[in-house]
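# Working through the structure, step by step
Below, each chain spelled out in residue letters.
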Protein chains: 2
Amino acid sequence: MTGPQGKIMLVGIGPGSHEHMTHRARAAIAEADVVVGYVTYIKLVADLLEGKEVVRKGMTEELDRAVHALASAREGKKVALISSGDAGVYGMAGPTYEVLFQAGWTPESDVEVEVVPGASAINACAALVGAPLTHDFCSISLSDLLTPWPVIARRLDAVAAADFVVALYNPKSGRRTQQIVQAQQLFLRHRRPGTPVAVVKSAYRRRERIEFTTLDKMSECDIGMLTTVLIGNSHTFVRHGLMVTPRGYANKYELHGDGSTREGERAGRSLSTGLIGWMENLRIDHADGETVAALALRHQLPADYIEAVLAAPVENEAVKQEAVSAEESEA
Amino acid sequence: MTGPQGKIMLVGIGPGSHEHMTHRARAAIAEADVVVGYVTYIKLVADLLEGKEVVRKGMTEELDRAVHALASAREGKKVALISSGDAGVYGMAGPTYEVLFQAGWTPESDVEVEVVPGASAINACAALVGAPLTHDFCSISLSDLLTPWPVIARRLDAVAAADFVVALYNPKSGRRTQQIVQAQQLFLRHRRPGTPVAVVKSAYRRRERIEFTTLDKMSECDIGMLTTVLIGNSHTFVRHGLMVTPRGYANKYELHGDGSTREGERAGRSLSTGLIGWMENLRIDHADGETVAALALRHQLPADYIEAVLAAPVENEAVKQEAVSAEESEA
């Protein structure tokens, strides 16, 4: 016979102010018999804890928190394991599932698990500084405790080159001071020194502090454990104290949507730089004698990929791209 | 004389269910005189709109929505411009600031602007499938309307190589069907065919649908405008119907934290693969005769970066890394 049904709720409480917590996060804490979390996060929800068993854990006791939660849930209790931001983004959801699997737990067992999503630090910080995430972005933790530095360095190098907006989590701590300097160095290989950077500390909390700087001065800023660093892409700008990334690359590539042939352009050549138009032009250029190697170099893409595109059967697809914006299908 | 103070609130309503909306998002809509949004999002908050002026816009009318919001705000009205997910992530925050700047708006003018963050599709989808975002991740839109395909392709190639967990937004539409095939092709150059992929449609909405697949079968799935595709990193696994990315790379690199010298190891050589230990080992290997080029190749990092690391003054920093986990400083 199994006991009463226990439950683990992995709750992302958002940036820290109750305003930016979801209804479900608040309800999950209200529903809980036991609330487990890092002592700082427990403080952020202190007024929701009356009558509950509260387990305050240290910063390094992540697996311990998950083990405690499982033990309580197996007694039939409802346990809220709280993370700041989103429970899935460098939060407790991952370590908890790892502990659960190791303990032989399955979704059919007597402990139910629910992950409650929330606004992560990247979303909170972005909202405070303007609109830096309007184009593709990455999140990288500079903590090298569980990740070898070369893995982190390769990621920094890759996304700096590929022009992502980048959020650095855990950029610096008392003992870990050189990672942010190395990140800056890797970025400066690809991005101009004046690239906008926002340094956001304790977003939506009492000691919130926002500093705008540029890539070449980034590592001189006041950066600590509660800081997120946002690095713009090559189009990001700061105006009136707001950091904004434009939606598209239209300016850089001088798209002309009217379909007319202008001086220097060839009739029959697609003016679209979308996939289908790009493929058409690639074929024309190749037929005109441009080698795969030259095309790969010009488009900064692997030669075998260019080759595969050229070898693919020509689809009889409309060149005209549907007028669908990036935002609209956000699910 | 200026008129009454108007306000534009850029509201991220989260995935779509009221449960996962923040208190501030709900309050912002309640406070608004006018609510502007894509018709589908307006439906998601229909029960909050009584007595309000509601402006339903088409999918492509993003700038139009922002222009309308500004006009209303200049009349002294409070306007909620709603986005699904987070207002900053491929949402209305970017286009609106662009329209505002173009109209000569400044933060000191008679229109106040507030961005209300929310859980983005990546957070919502991750919560539903397990814990895929426990390590570094990227978000890439496959819409090539405003972004040239080579830019998107370079990003796909870069993050596939650098082992990020990746969320694909706008993976496919009625007319835009080949981008997901190309993305798959680029990923298969770097990741094993069995890499776990989750295809999530309408997260937390009525027609929610979750499908687990693998990279080699990804493009055969039912993918549409309301789908987000999550591709795991090289360590991500699926167990009991849950997609989980481990926190660290400990297994792969066989870290040994006890500081003991084991067979095949050399005393004096750092066992840490964190930045400081890695730098020490790099110097030892170089002193032993390994060339910069060989080191660059082995660590898959640019040669000039390796050179800069070798040239940097040796810091007398403790090799022992502080036991700080990635999650803890999420601000």
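Along every chain, residues carry numbers that run from 1 in the direction the sequence is written. Here the convention is simple: chains get letters from A, ligands get numbers from 1, in the order in which they are written. Totals for whole chains, interfaces and linings use every residue, but because this is a predicted model, local features are given only for residues with pLDDT of at least 70 and side-chain atom pairs only at 80 or more, for both listing and counting. For side-chain calculations, the full set of non-hydrogen atoms in the structure is used, while hydrogens and water are omitted.

### Notes on the overall build of chain A
Counting from the N terminus, the helices are DSSP H or I runs at least four residues long and the strands are E runs at least two residues long. Each helix and strand counted, chain A has 11 helices and 13 strands in total. Relative accessible area decides the class of each residue, using a 1.4 Å probe on protein chains only: under 20% of the type maximum gives buried, over 50% gives exposed, and in between gives partly exposed. Across the 331 residues that make up chain A, the buried fraction comes to 60%. By definition in these notes, contact holds between two residues if any of their heavy atoms fall within 4.5 Å. Taking the contacts inside chain A whose residues are at least 6 apart along the sequence as the reference set, 65% of them involve residues at least 24 apart. When the accessible area of chain A is evaluated, it comes to approximately 12400 Å², of which 51% is carbon and sulfur surface. Calculation of accessible area relied on Shrake-Rupley with a 1.4 Å probe; when residues are assessed, cover is drawn exclusively from the protein chains displayed.

### Brief notes about the sheet that holds strand 2 (residues 34-38) of chain B
Residues and elements named next belong to chain B. A pair of strands is treated as paired once DSSP finds two or more bridges between them. Taking strand neighbours across the sheet as the criterion, the 5 strands line up as 3-2-4-1-5 in an open arrangement whose pairing is parallel. Looking along the sheet, the strands with just one partner apiece sit at the ends: strand 3 (53-57) and strand 5 (111-116). Taking each pair of neighbouring strands and ignoring which way they run, the sheet shows an average axis angle of 15°. Sheet topology places strand 2 next to strand 3; 5 bridges connect them, and they run parallel. Looking at strand 3, one finds that Gly37 is bridged to Arg56. Against the sheet, helix 1 (residues 23-31) touches strand 1 (6-12), strand 2, strand 4 (78-83) and strand 5, its axis set at about 145° to strand 1. Orientation is described by axes fitted as lines to C-alpha atoms, over the contacting stretch for helices, and by angles from 0 to 180 degrees between their N-to-C directions.

### Quick notes on the packing of aromatic side chains
In this scheme Phe, Tyr and Trp rings, the latter by its six-membered ring, pair at centre separations within 6.5 Å, and the angle between planes marks the pair as stacked below 30 degrees, edge-to-face above 60, and tilted otherwise. In this structure the tally under the stated criterion is 14 aromatic pairs over all chains. Relative to Tyr305 of chain B, the ring of Trp278 of chain B lies with its centre 6.4 Å away and its plane at 15°, an arrangement referred to as stacked. In this pair, Trp278 of chain B sits in helix 9 (residues 275-287) while Tyr305 of chain B sits in helix 11 (residues 303-311), placing the two residues 27 residues apart along the sequence. Considered together, Trp278 of chain B and Tyr305 of chain B belong to a single accessibility category, that of buried residues. Against the face of Phe164 of chain B rests Arg155 of chain A, its NZ or CZ located 5.3 Å from the ring centre. Two limits define a charge over a ring: the Lys NZ or Arg CZ must be within 6 Å of the ring centre, and within 35 degrees of the ring normal.

### Digging into helix 5 (residues 121-129) of chain A
Helical geometry note: an α-helix holds 3.6 residues per turn, so side chains three or four residues apart project in the same direction. Of all 9 residues making up helix 5 of chain A, 8 are buried, and the element is well covered by its neighbours. Listing the buried residues of helix 5 of chain A in full gives Ala121, Ile122, Asn123, Ala124, Cys125, Ala126, Ala127 and Val129 of chain A.

### Side note on the interface of chain B and chain A
Taken together, the contacts link 131 residues of chain B with 131 residues of chain A. Once two parts are put together, the accessible area they lose, assessed with a 1.4 Å probe and summed over both, is termed the buried area. Taken over both partners, the interface formed by chain B and chain A buries close to 12100 Å², and the fraction arising from carbon and sulfur atoms is 58%. Salt-bridge detection follows one rule: a side-chain nitrogen of Lys or Arg within 4 Å of a carboxyl oxygen of Asp or Glu. Our count for the contact surface shared by chain B and chain A stands at 6 salt bridges. Arg189 of chain A is paired through a salt bridge with Asp304 of chain B; the nearest N and O atoms lie 2.9 Å apart. By the criterion applied in these results, polar contacts are pairs of N or O atoms within 3.5 Å in which, for protein atoms, one can donate a hydrogen and the other can accept it, and in which residues neighboring in sequence qualify only through two side-chain atoms. Seen at the junction of chain B and chain A, the total is 38 residue pairs in polar contact (both at pLDDT 80 or more). Looking at the side of chain B that touches chain A element by element, the count peaks at 9 residues for helix 6 (residues 149-161) of chain B.

### Overview of the sheet that holds strand 1 (residues 6-12) of chain A
Residue and element names in this part refer to chain A. Across the sheet, which stays open at both edges, the 5 strands sit in the order 3-2-4-1-5 with parallel pairing between neighbours. A single partner strand is all that each edge strand has here, and the edge strands are strand 3 (53-57) and strand 5 (111-116). Strand-to-strand twist across the sheet, computed as the mean angle between neighbouring axes with direction ignored, equals 15°.

### Regarding the side chain of Arg191 of chain B
Residue and element names in this part refer to chain B. Mapping Arg191 onto the fold places it in the loop between helix 7 (179-188) and strand 9 (196-201). Reaching out from Arg191, the side chain makes a polar contact with the backbone oxygen of Phe164 at a distance of 2.6 Å. With sequence-adjacent residues up to four places away left out, Arg191 is seen in contact with Val159, Ala160, Asp163, Phe164, Leu215, Ile231, Gly232 and Asn233.

### Structural notes on the relation of the copies chain B and chain A
Structural alignment of chain B on chain A gives an RMSD of 0.0 Å, achieved by rotating through 180° and translating 0.0 Å along the axis. On the angle and the small slide along the axis, the relation comes out as a two-fold axis. Taken together, the interface assignments show that 100% of the residues at the interface of chain B recur at the interface of chain A, consistent with an identical surface on both copies. Our superposition of the copies is a least-squares fit, built on the C-alpha atoms of residues whose pLDDT is at least 70 in both.

### Section: the UniProt feature "domain: Tetrapyrrole methylase" (unreviewed entry) in chain A
Those places that UniProt annotates as "domain: Tetrapyrrole methylase" (unreviewed entry) correspond, in this numbering, to residues 7-217 of chain A. What you have in residues 7-217 of chain A is 33% helix and 25% strand, and the ends, taken at the C-alpha atoms, are 47 Å apart. UniProt positions are given in the numbering used here, feature names are shortened, and annotations may be inferred rather than shown by experiment.

### A few points about the confidence of the model for chain A
Residues and elements named next belong to chain A. What pLDDT reports is the predictor's confidence in each residue, on a scale of 0 through 100. Per-residue pLDDT for chain A has a mean of 89; in total, 88% of the residues score no lower than 70. Per-residue pLDDT stays below 50 along residues 251-262; that stretch engages in 17 contacts with residues further than four places along the chain or on separate chains. Contacts for the low-pLDDT stretch residues 317-331, under 50 throughout, to residues beyond four places or in other chains number 70 contacts. Across the interfaces of the predicted complex, the ipTM metric reaches 0.90, alongside a pTM of 0.91.

### With respect to the nonpolar core
It is characteristic of soluble globular proteins that their nonpolar side chains tend to be buried jointly. Take the buried residues of types Ala, Val, Leu, Ile, Met, Phe, Trp, Tyr and Cys, join any two whose side-chain atoms come within 4.5 Å, and each joined set is a nonpolar core. Ranked by internal contacts, the top residues of the largest apolar core, which has 90 residues, are Ile8, Leu10 and Tyr97 of chain A together with Ile8, Leu10 and Tyr97 of chain B. Those residues in contact with Ile8 of chain B that sit more than four places away from it in its chain are Ala69, Leu70, Ala73, Val79, Leu81, Thr96, Leu100, Val111, Glu112, Val113 and Glu114 of chain B. Grouped together as the second largest cluster of nonpolar side chains are 78 residues, Ile152, Val166, Ala183 and Val292 of chain A included.

### Notes on the state of the cysteines
Residues and elements named next belong to chain A. In this description, the term disulfide denotes a pair of cysteine sulfurs within 2.5 Å. Scanning the entire structure with this criterion turns up 0 disulfides over all chains. Its sulfur unpaired, Cys221 is 14 Å from the next cysteine sulfur, which belongs to Cys125. Residue Cys221 is classed as buried on the basis of its relative accessible area, which comes to 8%.

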